[in-house]
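What follows is the residue order along each chain.
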Amino acid sequence: PSALSRVFDNYIKERLFLRDAKSRAITLTEDEKARYLAQFTKATRIEDSDIRIALPDAETLNDKLLVEKYLSMLIQPLAVDAAAVAAYYDGSCPH
């Protein structure tokens, strides 16, 4: 797909995640905002001073951070032991 198509797809996915997070009444504390902002700036390599240029309003920033929290909540509970991995790869686990 074209770069524009990928950008649009990512935008739609983010909006869907945001809708899900809000429908589950997930919110951010001030400490979480600071922590997620630090993770976001590190992952995107955007300097703290440039974050306001990349995300000019507080609502956009809050939405991005809320999506990050929601995704981390979805991923965090996943735990797979070695036996489950072996079963998956040897074909004895339905997938």
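About the thresholds
- Residues numbered from 1 in each chain as written.
- Predicted model: local features only at pLDDT ≥ 70, side-chain atom pairs only at ≥ 80, totals over all residues.
- Heavy atoms only, no water.
- Phe/Tyr/Trp six-rings, centres within 6.5 Å; stacked < 30°, edge-to-face > 60°.
- Helix = DSSP H or I, 4+ residues; strand = E, 2+ residues; numbered from the N terminus.
- Buried < 20%, exposed > 50% of the residue type's maximum accessible area, 1.4 Å probe, protein only.
- Core = buried A, V, L, I, M, F, W, Y, C linked by side-chain atoms within 4.5 Å.
- Salt bridge = Lys/Arg side-chain N within 4 Å of Asp/Glu carboxyl O.

Caption draft 1: Region of interest: the packing of aromatic side chains. The full count for this structure, using the stated rule, is two aromatic pairs. Seen from their ring centres, Phe17 and Tyr70 are 6.4 Å apart, and the 55° between their planes marks the pair as tilted. Of this pair, Phe17 sits in helix 1 (residues 3-23) while Tyr70 sits in helix 4 (residues 58-75), placing them 53 residues apart in sequence. On the basis of relative accessibility, which here comes to 29%, the residue Phe17 falls in the partly exposed class. Ring centres of Tyr88 and Tyr89 lie 5.0 Å apart, and the angle between their planes is 85°; on these two criteria the pair is classed as edge-to-face. Looking at Tyr89, the relative accessible area reads 66%, which means it is exposed.

Caption draft 2: Local environment of the nonpolar core. Counting residues in each nonpolar core, the largest one holds eleven residues, listed as Leu18, Ala21, Ile26, Leu28, Tyr36, Phe40, Leu61, Leu65, Leu66, Val67 and Tyr70. Looking at this core, the elements that each hand over two or more residues are helix 1, helix 2 (30-44) and helix 4.

Caption draft 3: Structural view of the pattern of salt bridges. Within the structure shown, the criterion is met by six salt bridges. For Arg15, the salt bridge goes to Asp63, with nearest N and O atoms at 3.9 Å. Within this pair, whereas Arg15 is found in helix 1, its partner Asp63 is found in helix 4, the two being separated by 48 residues in sequence. When its relative accessible area of 9% is taken as the criterion, Asp63 is described as buried. Salt bridges sharing common partners tie together Arg15, Lys22 and Asp63.

Everything listed is a geometric property; what it means functionally is a separate question.
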